[in-house]
Every structure is written in C-alpha cells, then in structure tokens.
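Read off the chains here:
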Amino acid sequence: MNNETITKPGAMSGAPPSFRAPQVGFVSLGCPKALTDSELILTQLNAEGYETSKSYAGADLVIVNTCGFIDDAVKESLDTIGEALAENGRVIVTGCLGAKQGSGGENLVQSIHPRVLAVTGPHATQEVMNAVHLHLPKTHDPYTDLVPKSVSAAGIKLTPKHFAYLKISEGCNHRCTFCIIPSMRGDLVSRPIGDILSEAKALFESGVRELLVISQDTSAYGVDIKYRVGFWEGKPIRSKTLELTQALADIAEHYGAWVRLHYVYPYPSVDELIPLMATGRVLPYLDVPFQHSHPDVLKRMKRPASGERNLERILAWRKLCPEIVIRSTFIAGFPGETEEEFTHLLDFLKEAQLDRVGCFAYSPVSGAAANELPGMLDQDQRQERRDRFMKVAEEISVSKLQKRVGSTMQVLVDKALAMGRQGGLGRTYADAPEIDGVVHLLPPQKISKTLKVGEFTKVQIVATQGHDLVGLPI
C-alpha cells in the first residue's frame, strides 16, 4: 500500500478562534493489517481532540506507521521517516519496522534516525498515544473538553466508505523460514469474538458493503484461546473461524453486503467454509498463501498444513463450489530450489488453474532463517524463475477472464463519473480491492440508469482488458 499523508476533518471546529487543537500528521505504510492499526490510532487521536494535518509543515508532530517485511518496504519506511524529520523534525515511529533490530541488536530505526521522538512496534495504540501525550500534550480547553467527541462506533477508517478491513487476530504461531513477522508482531492473539462482531455490525451500519476479513492466519482464529465460547448480543458463540464466518454472514445478509476472507492457510478445517461459499453466504473467494507446491521446498520453508494435498483439495473445493475464485502468492527461487522443484511448481499452477496469482523472487530478508539455508540462488536466476512463473500465471488469468465475456455479474461500484453516465470502475466477487483486477464500466445505454459509489449494479461483461474486465451496466 502506497504511503499517504492522511487527512481527516477535525473534531474541534466549534472551538473559539483563540484555541487551536494540536495537529498530528500521519503516514500509513504497508499491508491492510498495518492500515487497521493506523485506523485505531487515528480514532483515538480524534476521540482525544487531536486533529490531523494536511501537511508535514502544518503538523505539530508526525506519526509514521511503518512496514518492515521486505527490504524494499524497509527502505520506503526509512526514507519516509527521514522525509518527515527533514520537513517537520518531530516524529513518532510505530509499526513492524519499529520492532526490528539492527545487526548489533540495537533498534534499527533509532540507529539510523536517532532524532525520532519515540519508536514502538506494531499494534501499539496505547504506546503511541503515551508518546503523543508526552511530546504533544493537549492543552485543556474549557469550551470543548466536556463535550463528547463525535466518533462513530466503527471508528475512523482510511478506506473508502463502502469497504473496510476487519482484523480478527494479531500475530502468528508459525515460524516460516522466509518470514520475520512473528518477531515483529508476536504470537497469535485472537480478538474476543463479541468485539469482532460488534465492529462488523458498526461497519455495516456506517455504509460498508464489503467486509474484508484479515489477520496473519485467518484459519487459526481461536487456537490461542482454545476456541473458547464468547458472547454477542446475549448469544453464545465459539471462537473459531467457521462459527465466526457464519456469524459475519448472518450480519452481512441484513445489509446486503459482501464478506471476503483473506490470509486463509490451507488447513483441512478450511473445507468447512466452502459450503458457506457455495450457498452464497460469503463470497466464493479464498486468499490462500500456498507459497510453493513441492513437498521438499515446503519443508524448508516450514510451512504449516499438508501442502502435498493442496491440489487434491482445490479440486474438491471447485467440485462443491464451481464459482470459487482462488488467489495465492508464491516464492520463486527459494534457497536450494532445484529446476525439478521449480518445474513441479509450474505443473501445479497449470493443474490448479488459480484465478489470481502473485509471485515474488526470493528476497533474503534480514533476520529470516532461510538466509542460512544452503543453495542460495543468484538474483538473476531467482528473477528469471519468477518471470517464467508469472508468464504461465498470466496465460491462465487471461483464459479465465475470457470465459466471463457474455456473462452477467454483480459489481460493486468503486468510481462513477457523472453518476456513471461517463462510466466508472467496479469489482466483482472475484476482485479484492487493490490486489486484483477491476471492471471498467461503460456508460449505460439507458438514460435512466445511473451508478453510485458503494452500490451494487448488474453488469454484462463485454470484453477483457489485460487483467481486467469491461462491462456494460444493465
């Protein structure tokens, strides 16, 4: 996700001219899980009477929520911190990079940018607020401090009004050799199921029409708390992925909204979710990070679940739910990967016919155990394998998209020019925001037909355009 200076309307507009609410600049980097951390911090800032600034120059202090997973993300985060220091000088750093150590065990951010005011790890709203209180205490204002702040139950969201991310847990119990997330975000901590469902309902009531369920490992929800029974609206409900998904589907149905599942590890228990997709209770869409297909590579990666049976299970999912769309990510050129193992991966991709695929050439992330494995491939070979993989993936994608031409699909409108009379953009159930394709909406032929952002419309698919579709609203 690109870095962006976040602006929100202030909560103190009714204050007398003599009082100026403290201004906080905010930059959010990284994945949707980091975005939800940013939303929590901004919601708390708003509730306490802080306002967000439109620029570094206009801010009394800047918060940078960082990403630290891969080297490019680390560089982007460090560059952004440096920019904020140069233009403002008062910077608090939070997020994954904040938990990362340098080669000597020192805090990486503080070793490179010693002028920062404070550094916290991810998912640390209270620690960030403590730093804000220390370095930018809010002056008491007798006119407004006793007035309740207007913050919706859903909190401040950085996504468009019609879709939102719902984080159900933090951290991860796995120790995949290519990943350093557990060292930054810790072990799995599942949220209370009642809190999750209350947030979901508040989001739907605020106008959200697509709820994207996220975590480090959605399939593992509740493992850390032994699937204990929680309560929501007086009813007992077990803290397990299936029961949570069923409850989310129940709530979404009342609002005519979508529920989309992300980061679903391919455990056998995932099979229980497919009937909910087959009956339309949740979107027939699974974001499953397979990473590889060859058993030996999966063992070197220390991947969970039974990877050798993934193809068999994909076929079973499609038999039960023919409309299911599967997106996944893979790593090409993992240390020790032979040409035979890579060919196995290509064969798997061809047989699995995955709808949406991303692939990374292996990057030796600092601190990852995989860096110590024998057989490190050179960068050119890693990139060459990634390119070969993506060529096959793109051929599959184009073929699958072509089969949708002539069909009628429900589309959630993301952009509508002149109420849709000049066309717009939308997404089908097969397209998650920002990572998948879109539907380019043509101007409707009927004069009476209009489009509105955040609403659903029926579209006849008339063509493909790269990884996207072209559709005519009907």
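Details of the structure are given in the entry above.
What this report covers is the structure whose coordinates are included nearby. In this text the structure is predicted, and so the values were computed from the model without any measurement.

## Topic: the nonpolar core
Turning to step 1, where the next piece is worked out: Within the largest apolar cluster, 59 residues are counted, with the highest numbers of intra-cluster contacts made by L354 and F389.
Turning to step 2, where the next piece is worked out: Residues within four places of L354 in sequence aside, it is in contact with F290, I314, R318, I326, S328, F330, F348, L349, I396 and K400.
Turning to step 3, where the next piece is worked out: In terms of nonpolar packing, the next biggest core, distinct from the first, is built from 40 residues, L35, L412, A430 and I461 among them.

## Concerning the packing of aromatic side chains
Turning to step 1, where the next piece is worked out: Scanning the entire structure with this criterion turns up 9 aromatic pairs.
Turning to step 2, where the next piece is worked out: Between F163 and Y165, the aromatic rings sit 6.4 Å apart at their centres with planes inclined by 85 degrees, giving edge-to-face as the arrangement. Accessibility classification places F163 together with Y165 in one group, the buried group.
Turning to step 3, where the next piece is worked out: Members of the aromatic cluster, joined through ring pairs, are F290, F330, F348 and F389.
Turning to step 4, where the next piece is worked out: The residue whose ring lies beneath R260 is Y285, and the NZ or CZ to ring-centre distance is 4.5 Å.
Turning to step 5, where the next piece is worked out: A cation over a ring is seen here: R427 above F163, with NZ or CZ 5.4 Å from the ring centre.

## As for unusual backbone geometry
Turning to step 1, where the next piece is worked out: In this structure, Q291 takes a positive phi of about 75 degrees despite not being glycine.
Turning to step 2, where the next piece is worked out: By the element assignment, Q291 lies in the loop between β14 (285-287) and α9 (295-301).
Turning to step 3, where the next piece is worked out: With a relative accessible area of 9%, Q291 lands in the buried category.

## A few points about the sheet that holds strand β18 (residues 424-427)
Turning to step 1, where the next piece is worked out: The strand order β17-β18-β19-β21-β20 describes a closed barrel built from 5 strands, whose pairing is mixed. Across the sheet, the axes of successive neighbouring strands diverge by a mean angle of 50 degrees, strand direction being ignored.
Turning to step 2, where the next piece is worked out: Bridge count between strand β17 (residues 408-416) and strand β20 (residues 456-465): 5 bridges; the pairing is antiparallel. In the strand pairing of β20, M409 is matched with V459.

## Section: the pairing of strand β13 (residues 258-261)
Turning to step 1, where the next piece is worked out: Taking every second residue as pointing to the same face, both faces of β13 are buried, with W258 and R260 on one and V259 and L261 on the other.
Turning to step 2, where the next piece is worked out: Examined bridge by bridge, strand β10 (residues 210-214) and β13 share 4 bridges and lie parallel to one another. In the strand pairing of β13, L212 is matched with R260.

## Focus on the pattern of salt bridges
Turning to step 1, where the next piece is worked out: Per the stated rule, a full pass over the model turns up 29 salt bridges.
Turning to step 2, where the next piece is worked out: A salt bridge links K167 to E170; its shortest N-O distance comes to 2.8 Å. In this pair, the class of K167 matches that of E170, namely buried.
Turning to step 3, where the next piece is worked out: The residue R385 makes a salt bridge to E339 at a minimum N-O spacing of 3.4 Å. On the criterion of sequence distance, the pair formed by R385 in helix α12 (residues 379-402) and E339 in helix α11 (residues 339-352) is long-range, its members being 46 residues apart.

## Overview of the environment of H135
Turning to step 1, where the next piece is worked out: On the secondary structure map, H135 appears in helix α4 (residues 125-135).
Turning to step 2, where the next piece is worked out: For the pair formed by H135 and V91, sequence separation is 44 residues and the distance between their alpha carbons is 9.7 Å.

## Observations regarding the packing of α11 against α12
Turning to step 1, where the next piece is worked out: At a minimum axis distance of 10 Å, the contact between α11 and α12 shows a crossing angle of 15 degrees. Comparing their axes, α12 and α11 come out roughly parallel. For α11 against α12, the interelement crossing comes out right-handed. Of the residues in α12, those in contact with E339, F342, L345, L346, L349 and K350 of α11 are R385, R388, F389, V392, A393 and I396.
Turning to step 2, where the next piece is worked out: Residue classes in the contact of α11 with α12 are distributed as 8 nonpolar, no polar and 4 charged.

## Section: the pairing of strand β16 (residues 356-361)
Turning to step 1, where the next piece is worked out: Taken across its 6 residues, β16 has 5 buried, putting it largely inside the fold.
Turning to step 2, where the next piece is worked out: As defined by bridge partners, strand β15 (residues 325-332) adjoins β16 across 6 bridges and the pair is classed as parallel. Residue pairing across strands places S328 opposite V357, the latter belonging to β16.
Turning to step 3, where the next piece is worked out: Crossover β15 to β16 through α11 is right-handed.

## Things to note about α12
Turning to step 1, where the next piece is worked out: In this model, α12 (24 residues) spans 34 Å end to end at C-alpha, consistent with the 34 Å of a helix rising 1.5 Å per residue.
Turning to step 2, where the next piece is worked out: Buried within α12 we find R382, R385, F389, M390, V392, A393, I396, S397 and L401.
Turning to step 3, where the next piece is worked out: Here the buried face of α12 lies against β15, α11, β16, β20 and β21 (468-473).
Turning to step 4, where the next piece is worked out: Sitting at the amino-terminal end of α12 is D378, which places a side-chain oxygen 3.2 Å from the backbone nitrogen of D380.

## Points about the packing of helix α1 (residues 32-47) against α4
Turning to step 1, where the next piece is worked out: Running from amino to carboxyl end, α1 crosses α4 at an angle of 45 degrees, the nearest separation of the two axes being 10 Å. Viewed along their axes, α1 and α4 adopt a mutual orientation that is oblique. For the element pair α1 and α4, the recorded crossing hand is right-handed. Contact residues: L40, I41, Q44 and L45 in α1; T125, V128, M129 and V132 in α4.

## Digging into the environment of R281
Turning to step 1, where the next piece is worked out: Here R281 lies in the loop between α8 (274-278) and β14.
Turning to step 2, where the next piece is worked out: Sequence separation between R281 and E253 is 28 residues, and the spatial gap between their C-alpha atoms is 7.6 Å.
Turning to step 3, where the next piece is worked out: Once residues lying within four places of it in the same chain are set aside, the contact partners of R281 are Q246, A249, D250, E253 and L276.

## What about the environment of P364?
Turning to step 1, where the next piece is worked out: Mapped onto the fold, P364 is located in the loop between β16 and α12.
Turning to step 2, where the next piece is worked out: Accessibility expressed as a relative area gives 34% for P364, which makes it partly exposed.
Turning to step 3, where the next piece is worked out: Placed 67 residues apart in sequence, P364 and D431 show a C-alpha to C-alpha distance of 30 Å.
Turning to step 4, where the next piece is worked out: In contact with P364, not counting residues within four places along its chain, are D71, N371, M376 and R382.

Cut-offs applied
Residues numbered from 1 in each chain as written. Predicted model: local features only at pLDDT ≥ 70, side-chain atom pairs only at ≥ 80, totals over all residues. Heavy atoms only, no water. Core = buried A, V, L, I, M, F, W, Y, C linked by side-chain atoms within 4.5 Å. Buried < 20%, exposed > 50% of the residue type's maximum accessible area, 1.4 Å probe, protein only. Contact = heavy atoms within 4.5 Å. Phe/Tyr/Trp six-rings, centres within 6.5 Å; stacked < 30°, edge-to-face > 60°. Lys NZ or Arg CZ within 6 Å of the ring centre and 35° of its normal. Helix = DSSP H or I, 4+ residues; strand = E, 2+ residues; numbered from the N terminus. Pairing = 2+ DSSP bridges. Axes fitted to C-alpha atoms, helices over the stretch in contact; angles between N-to-C directions. Salt bridge = Lys/Arg side-chain N within 4 Å of Asp/Glu carboxyl O. Parallel < 35°, antiparallel > 145°, perpendicular 65-115°, else oblique. Left-handed = near helix turned anticlockwise from the far one by under 90°. Nonpolar A, V, L, I, M, F, W, Y, C, P; charged D, E, K, R; others polar. Right-handed = clockwise from strand over helix to strand, strands pointing away. Expected span 1.5 Å × (residues − 1). Polar contact = N/O pair within 3.5 Å; in protein donor to acceptor, adjacent residues only side chain to side chain.

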